[in-house]
Amino acid sequence: MAEEKKGLKYGLAASVLLNIILLAGVAWALTHPKVVEKPAPAGPAPTVTVTVTATKTVTPTAPAAPAGIIEYPIGLAIAVSGPYAVEGPYRRDAALLAIEHVNKMLEAAGSPIRFKPIHEDSKGTAEGAIAALEALAAAGVKVVVGPLSSKEVRAVKSFADAHKIVCISPSSTAPGLAVPDDYIFRVVQTDVAQAKALAQVVAELGYTKVAIIGRDDDYGRGIADMFEKLFTEKYGGTVKKLMYTPDLPDYSTEVQRLAEMVSDLGADEKTAVLIIAFDADGLNILGHARLNPVLSKVRWFGSESLKRPTFIPPKAPAEIGEFVVSVKLTGLFPSPERNPVTEFFEKEYRSKYGKDPTPYSYYAYDAAWLACLSVLAAGKYDGEAVKKVLPTVAEKYIGASGYKKLDENGDCAGSDYRIWTVVVEAGEYKFKEVGVWSFATEKVSFFG
Amino acid sequence: MGVDILPLVTSIVTFYGIYLILALSFNIEYGFAGQPNFGKVFFYSIGAYVAGNFTANMLMRASGVTGVDFCSDLAAEVRFKVAMSKPWLIIALFLLSLLIAAAVGGVFGYLTSYPALRLSGDFLAIVLLAFGEIGRVFARNYTPLVCGVYGLSGVPNPLVWIGDPRMARLAYSAIVLAIAFGMYLLTERLVNSPYGRLLKSIRDDELVSSVMGKVTPRVKGSALIIGSSMAAVAGVLYAFYVQTVVADDFIPIVTFVVVTMVMLGGVANNKGTLLGAMVMTLMDRLTRASFLRILGISVGFDISYVRYIVTGLLIILILMVKPEGLISEKPLKTPAIEEAEKLS
Amino acid sequence: MLQLAAPLLTALLLGSLYTLMALGLTMTYAVTSIPNFAHAEFVTIGAYIMAVAVNFGKLGLVGGLASAFLFAALVALATDELVFKKLAALGATPLHLLTASIGVGLVLRYTLSIVADLKGLLSVKTRVVVNPVATIGQAYLTTLHLWAVPTTLAVVAVLHLVFMKTKIGKAMRAMASNLDLARVSGINTTLVRRVTWVIAGGLAGVAGGFWSVYSPINPETGWVALLWIFAASILGGFRSFYGTVLGGYVVGFSESLGITFLSRYLGVNVAYKPMIALLIIVVVFLWKPTGLAEVTPRGLLESLKKAVGR
């Protein structure tokens with residue numbers, strides 16, 4: 001008995017100790033943030049031409065808000081673990097930044113309204129996404145930024161419709177989800193446009209044979225299948241596909257197979273590689289490919305997800321930077337690519353978090369802005385009203401990721417794509433714009 | 001903007017119901033029969049695949065719509081419409097799914113008994129864990145099953161025809177809970193029957209049981225069949241709840257959650273399993289930022305990671321304070337013993 | 001033969017790294033009966049320490065690996081002292097310990113996630129350039145091969161000597177085969193236990209360190225590799241040192257060569273790759289319920305003789 005008591009005591013002591021260690025670690029991290037400049041004062045807010053008609057008729061029920069302040073919750077159903085362990089936190093931070101900016105704007109204007117972010121980790125799974133939405137719904141949330149992936153969006157769709165909760169996904173691109181009159185909005189174009197533009201750019205640059213290495217998930221498959229169809233049917237090209245399972249420790253064997261496929265295609269000046277990858281897998285693949293003589297001599301193209309600071313120095317190792325320059329890694333990104341809001345967002349993001357935003361962070365920032373603006377425009381915190389005004393608000397909005405007009409399905413209407421490639425200028429690695437693909441005319445034109 | 005407690009209730013009840021069934025099945029297999037089935041998620045996924053594929057196919061057939069891609073979101077809409085207009089059909093499909101999945105799960109459980117009878121504890125756990133991952137990788141590559149990496153959507157709630165989707169969800173969660181509780185009662189009956197005592201005796205000393213003339217491999221195998229069949233039923237309930245079946249949802253972490261529930265609650269004690277499943281469910285649902293907000297607590301930072309850390313600490317703490325689990329194994333309960341207790 | 005060079009060289013490197021990761025798992029299981037799911041986190045911690053030490057601390061390769069070893073060893077020792085040892089004293093079964101290790105894993109992984117998130121280190125790679133030193137057709141032998149493979153072999157050789165020649169090594173073997181007997185024979189089990197955890201954690205840390213040179217890492221790196229680590233260890237019988245070495249290379253070779261063959265000649269989708277190592281586990285155990293540890297050269301010869309004799 002005494003033994004048991006002793007064990008119990010030790011157990012408790014151990015857990016307390018573990019807790020202290022843990023808290024110490026967190027405290028250390030909190031008190032030693034990355035060296036950042038003083039947070040910049042609220043700069044120019046995104047170009048907004050919406051008349052803010054919020055009325056005070058709403059009964060304030062939000063807890064913990066100072067007197068007179070009306071607090072509206074904005075749900076962030078953004079996965080930060082599992083497949084989104086690396087990418088998720090970037091997008092969450094962008095959405096948080098947007099809400100902070102909106103609040104600054106409201107405070108400066110003397111408005112009593114504030115937005116309060118509530119983050120739920122949707123884990124990148126259907127079950128996680130549903131659970132996140134249920135929790136948010138219980139807290140009375142009517143406007144949600146997220147979920148990120150198409151499969152999560154698909155899982156929450158009927159729940160969102162039933163509970164009249166507006167979901168604005170910053171990154172779901174599956175074409176099948178284009179459904180009119182639902183509570184799902186997407187501030188990003190579907191894969192169709194990107195695949196179309198990519199196929200055309202690759203063909204017009206004179207390549208007839210393409211080996212694809214891509215993530216075998218809804219994102220990678222969506223682009224790869226569409227690209228293959230268009231490139232073979234419309235341009236008479238040859239495509240070989242290698243789709244790999246995401247979230248594996250290593251991809252060296254896949255890269256070797258890719259090299260064999262490229263050799264089979266001829267590995268000549270008409271052969272190219274198209275990579276569709278996220279962060280961890282993409283860097284792993286590029287790291288192996290740079291050592292391969294065959295893969296080093298053909299041209300590389302990349303999906304929009306490759307246009308990330310992670311893939312070029314100083315974030316990426318120098319040797320990967322050298323590789324992507326030597327194979328002229330080229331890809332597309334929806335435009336208008338840069339505008340004052342883009343610059344403002346990048347500056348703020350960098351100074352607040354000490355890191356560069358990822359491409360989809362721009363969309364997360366805009367999704368959160370649209371969420372807040374739509375609530376303000378609707379004049380009440382009500383899903384149905386927000387759903388009605390959102391398309392109009394979006395039509396008048398230009399954000400960090402460009403013009404956000406939505407089509408009849410509530411998805412981002414097509415826009416032009418800028419063509420980028422990686423260059424070194426004065427010792428610095430950069431994504432340089434070298435051309436444009438016009439959505440209206442479906443024509444490619446290169447600068448200079 | 002008020003608090004809307006209904007989705008939270010549905011969420012907790014459904015999650016609890018589904019995981020309770022899984023935990024009970026693991027308790028039968030491990031607690032009573034000594035077979036750590038770490039392939040739990042595999043049998044769970046089988047139920048979901050069967051329910052998804054069968055229901056979606058039948059609804060497509062009933063709709064008369066042809067030429068639509070089975071996996072498309074358009075097809076999902078078609079299936080919802082059919083389910084809305086034909087209550088009897090979707091209910092029949094739900095019930096049939098339960099039956100078919102239980103049978104298919106049982107068959108796979110039978111096949112599993114082959115390695116199970118040859119391997120000892122920890123080896124069996126890892127081999128079955130591998131089973132689960134093999135199943136997932138296969139399902140995400142084999143599109144006809146549940147549309148591979150895209151996932152199969154449009155598996156309607158069997159009560160969708162009620163009209164009010166919120167009520168339909170609530171009613172469905174009640175059904176899940178009722179089935180889970182029914183499973184609990186059945187499990188209690190089972191483990192307190194002569195069969196249950198036989199399982200325990202084999203777990204504690206197989207040699208003695210076989211000397212007593214029992215065919216021990218067959219008995220151990222039967223526990224796996226029952227457990228797998230139950231897990232498949234849980235999978236069906238899950239598919240109709242989330243209304244989307246994605247292969248990549250069935251990752252090993254699901255098994256770990258189930259194992260943790262049983263270990264925390266107390267092995268070989270179904271009341272403990274009830275409690276363990278409840279602890280883990282509430283840990284997951286009530287530490288969320290949304291729930292804290294309902295309570296009026298506002299946190300200034302992202303608590304997602306902190307939640308997982310706290311869950312980990314809680315597991316360690318409970319195991320230290322109550323090494324036997326929250327409720328420890330009780331002695332056998334038989335009519336004879338009960339009578340004897342009354343007398344003394 | 002030239003065609004095989006590339007997958008073979010990859011397999012050699014991966015096999016070495018998996019072996020290095022799995023050795024510790026086997027040791028802690030053999031000596032303390034803990035199927036430690038938190039072992040993966042030691043790998044991740046080592047990887048992060050290496051990256052931070054080399055990129056920011058300017059410590060160099062050896063210094064980085066040493067700090068990875070040290071830090072991961074400390075964390076491993078701490079987890080045992082604070083959690084597993086107490087639980088074992090309370091009479092926990094291996095499955096209880098496994099559950100606890102899942103808890104420990106959650107704590108370590110997400111503490112690391114918080115720190116990495118705040119520090120902007122969610123994805124990081126050790127700044128050591130890997131260069132090809134020799135190429136055979138499309139295959140290349142890299143500098144990493146020259147560091148990681150000999151390191152693994154040296155570790156195996158040193159551990160062999162430790163187990164065979166030193167007192168502490170013999171004590172470990174004694175504890176692995178019979179804990180009570182070891183205790184009555186006057187072995188300082190507490191000390192042996194500590195040494196075991198230090199070596200196990202340290203080796204995982206070194207493996208993680210190499211991994212962060214090989215590929216960019218994130219807080220879930222080890223967790224993602226966990227199944228492969230377990231595969232290597234369990235194939236070797238889970239308790240056998242030499243079995244684990246064999247298991248590590250079997251996993252590395254089968255996966256790399258296997259998918260190359262299947263994909264090249266049978267047109268099998270490369271996405272099936274993760275199934276290979278898992279299928280091998282299942283097949284090996286259906287054939288030899290105790291894993292590869294029981295497979296000795298003599299045994300193989302005998303079964304061959306029998307087959308021929310028939």
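### Section: the overall build of chain C
Here's step 1: Counting secondary structure elements, chain C contains twelve helices and two strands.
Here's step 2: Across chain C, helices and strands are ordered from the amino to the carboxyl terminus as α-α-α-α-β-β-α-α-α-α-α-α-α-α.
Here's step 3: Since a compact globule built from 310 residues should have a radius of gyration of about 19 Å, the 20 Å found for chain C is in line with a globular shape.
Here's step 4: Reported as C-alpha extents along the three principal axes, the dimensions of chain C are approximately 60 × 55 × 35 Å.
Here's step 5: Counting all 310 residues of chain C, 61% fall into the buried class.
Here's step 6: Counted over contacts in chain C with a minimum sequence separation of 6, partners at least 24 positions apart contribute 74%.
Here's step 7: Of the accessible surface of chain C, which amounts to about 11,400 Å², a share of 70% is contributed by carbon and sulfur atoms.
Here's step 8: In chain C, 22 side chains carry a positive charge and 9 a negative one; their mean positions are 8 Å apart.

### Considering the sheet that holds strand S6 (residues 184-186) of chain A
The pairing of strands in a sheet happens through backbone hydrogen bonds and is either parallel or antiparallel.
All names here are of chain A.
Here's step 1: Across the sheet, which stays open at both edges, the five strands sit in the order S3-S2-S4-S5-S6 with parallel pairing between neighbours. Each having just a single partner strand, strand S3 (113-120) and S6 make up the two edges of the open sheet. Neighbour-to-neighbour, the strand axes of this sheet turn through a mean angle of 25 degrees, independent of strand direction.
Here's step 2: Pairing analysis gives three bridges linking strand S5 (residues 166-169) to S6, with the strands arranged parallel. Pairing of Ser 169 across the sheet is with Arg 186, part of S6.
Here's step 3: Lying on the sheet, helix H12 (residues 359-378) is in contact with strand S2 (70-77), S3, strand S4 (143-145) and S5; it crosses S4 at an angle near 170 degrees.

### Some details on the interface of chain A and chain B
The extent of an interface is frequently quoted as the accessible surface area lost upon association of the parts.
Here's step 1: Between chain A and chain B, the contact holds 59 residues from the first and 48 residues from the second.
Here's step 2: Interface of chain A and chain B: buried area, both sides summed, is about 4,600 Å²; carbon and sulfur atoms make up 57% of it.
Here's step 3: Seen at the junction of chain A and chain B, the total is six salt bridges.
Here's step 4: Joining chain A to chain B, the criterion identifies 17 residue pairs in polar contact (both at pLDDT 80 or more).
Here's step 5: Listing elements by their share of the side of chain A that touches chain B, those giving two or more residues are helix H1 (2-31), S2, helix H2 (88-108), S3, helix H3 (126-138), helix H4 (150-163) and helix H6 (218-233) of chain A.

### Observations concerning the pattern of salt bridges
Here's step 1: The tally for this structure, following the rule as stated, stands at 52 salt bridges over all chains.
Here's step 2: Between Asp411(A) and Arg186(A) there is a salt bridge, with its nearest N and O atoms 3.0 Å apart. With Asp411(A) in the loop between strand S13 (402-403) and strand S14 (417-425) and Arg186(A) in strand S6, the pair connects residues that are 225 residues apart, well separated along the chain.
Here's step 3: Residue classification places Arg186(A) among the buried positions, given a relative accessible area of 0%.
Here's step 4: Notably, a salt bridge pairs Glu260(A) with Arg257(A), separated by 2.5 Å at the nearest N-O pair. Of this pair, Glu260(A) and Arg257(A) both sit in helix H7 (residues 252-265), three residues apart, roughly one helical turn.
Here's step 5: Judged by relative accessible area, which is 9%, Arg257(A) ranks as buried.
Here's step 6: Each of Asp216(A), Arg221(A), Asp225(A), Glu228(A), Lys241(A), Glu133(B), Arg136(B), Arg140(B) and Asp248(B) takes part in one network of salt bridges that share partners.

### Quick notes on the nonpolar core
Here's step 1: Counting 354 residues, the largest nonpolar core has Phe115(A), Phe227(A), Trp300(A), Tyr365(A) and Tyr44(B) as its most contacted members.
Here's step 2: By residue number, the principal contributor to this core is H12(A), which donates 16 residues.
Here's step 3: Two domains each provide a minimum of three residues to this core, namely domain 1 (47-189 + 338-403) and domain 2 (192-333 + 416-446) of chain A.

### Thoughts on the state of the cysteines
Here's step 1: By the definition in use, this model includes one disulfide over all chains.
Here's step 2: The residue that forms a disulfide with Cys71(B) is Cys147(B), at a sulfur-sulfur distance of 2.1 Å. Looking along the S-S bond of the Cys71(B)-Cys147(B) disulfide, the torsion reads about -90 degrees, which is the left-handed sense. Taken as a pair, Cys71(B) in the loop between helix H2 (40-63) and helix H3 (73-85) and Cys147(B) in the loop between helix H6 (143-146) and strand S1 (152-153) lie far apart in primary sequence, 76 residues in all.
Here's step 3: The class of Cys147(B) is buried, set by a relative accessible area of 0%.
Here's step 4: Not part of a disulfide, Cys372(A) finds its nearest cysteine sulfur in Cys167(A), a span of 15 Å.
Here's step 5: Left without a disulfide partner, Cys412(A) is nearest to the cysteine sulfur of Cys167(A), which lies 17 Å away.

### Remarks on the packing of aromatic side chains
Residues and elements named next belong to chain B.
Here's step 1: Applying the stated criterion to the full structure yields 50 aromatic pairs over all chains.
Here's step 2: Aromatic pair Phe 38 and Phe 256: ring centres 6.4 Å apart, planes at 55 degrees, arrangement tilted. In this pair, Phe 38 is assigned in the loop between helix H1 (5-32) and H2 and Phe 256 in helix H11 (residues 252-265), connecting sequence segments 218 residues apart. Of the two residues, Phe 38 and Phe 256, neither departs from the other in class, the shared state being buried.
Here's step 3: Summarising the aromatic geometry, the rings of Tyr 44 and Phe 250 are spaced 5.6 Å apart at their centres and angled 80 degrees between planes, so their arrangement reads as edge-to-face. Taken as a pair, Tyr 44 in helix H2 and Phe 250 in the loop between strand S2 (244-245) and H11 lie far apart in primary sequence, 206 residues in all.

### Details of the interface of chain C and chain B
Here's step 1: Across the contact, 43 residues belong to chain C and 39 residues belong to chain B.
Here's step 2: When chain C packs against chain B, the two sides together hide about 3,700 Å² of surface, and 84% of this comes from carbon and sulfur.
Here's step 3: On the chain C side of the contact with chain B, Leu95(C), His96(C) and Thr99(C) bury the most area, a combined 16% of that side's loss.
Here's step 4: Inspection of the chain C/chain B interface yields zero salt bridges.
Here's step 5: Viewed at the interface, chain B and chain C are joined by one residue pair in polar contact (both at pLDDT 80 or more).
Here's step 6: Residue contributions to the side of chain C that touches chain B peak at 16 residues, all from helix H4 (residues 94-119) of chain C.
Here's step 7: Tallied by class, residues from the side of chain C that touches chain B come to 33 nonpolar, eight polar and two charged.

### Observations regarding the confidence of the model for chain C
Here's step 1: Confidence along chain C averages 88 in pLDDT terms, with 94% of residues attaining 70 or more.
Here's step 2: Helix H2 (residues 39-55) of chain C holds the highest mean pLDDT among the elements of chain C, 95, whereas helix H12 (residues 297-309) of chain C holds the lowest, 65.

### Observations concerning the sheet that holds strand S8 (residues 238-244) of chain A
All names here are of chain A.
Here's step 1: Taken in spatial order, the eight strands line up as S8-S7-S9-S10-S11-S14-S15-S16 in an open sheet, and their pairing is mixed. Strand pairing shows two members of the sheet lacking a second neighbour, S8 and strand S16 (444-446), which therefore form its edges. Neighbour-to-neighbour, the strand axes of the sheet open up by a mean angle of 30 degrees, direction not taken into account.
Here's step 2: As judged from the two bridges shared by strand S10 (residues 299-302) and strand S11 (residues 330-334), these two strands associate in the parallel manner. Across the sheet, Gly 302 pairs through a bridge with Gly 331, a residue of S11.

### Remarks on the confidence of the model for chain A
Here's step 1: Taken over all residues, the pLDDT of chain A has a mean of 83, while the share at 70 or more is 84%.
Here's step 2: Note that pLDDT drops below 50 for residues 1-64 of chain A; the model gives that stretch 83 contacts with residues more than four away or on any other chain.

Reading the values: the criteria
Residues numbered from 1 in each chain as written. Chains lettered and ligands numbered in written order. Predicted model: local features only at pLDDT ≥ 70, side-chain atom pairs only at ≥ 80, totals over all residues. Heavy atoms only, no water. Helix = DSSP H or I, 4+ residues; strand = E, 2+ residues; numbered from the N terminus. Rg over C-alpha atoms; globule rule 2.2 N^0.38 Å. Buried < 20%, exposed > 50% of the residue type's maximum accessible area, 1.4 Å probe, protein only. Contact = heavy atoms within 4.5 Å. Areas by Shrake-Rupley, 256 points an atom, 1.4 Å probe, with all protein chains shown as cover. Lys, Arg positive; Asp, Glu negative; His and termini not counted. Charge placed at Lys NZ, Arg CZ, Asp CG, Glu CD. Pairing = 2+ DSSP bridges. Axes fitted to C-alpha atoms, helices over the stretch in contact; angles between N-to-C directions. Buried area = accessible area lost by both parts, 1.4 Å probe. Salt bridge = Lys/Arg side-chain N within 4 Å of Asp/Glu carboxyl O. Polar contact = N/O pair within 3.5 Å; in protein donor to acceptor, adjacent residues only side chain to side chain. Core = buried A, V, L, I, M, F, W, Y, C linked by side-chain atoms within 4.5 Å. Domains from an automatic or database assignment. Disulfide = S-S within 2.5 Å. Phe/Tyr/Trp six-rings, centres within 6.5 Å; stacked < 30°, edge-to-face > 60°. Nonpolar A, V, L, I, M, F, W, Y, C, P; charged D, E, K, R; others polar. pLDDT = per-residue confidence, 0-100.

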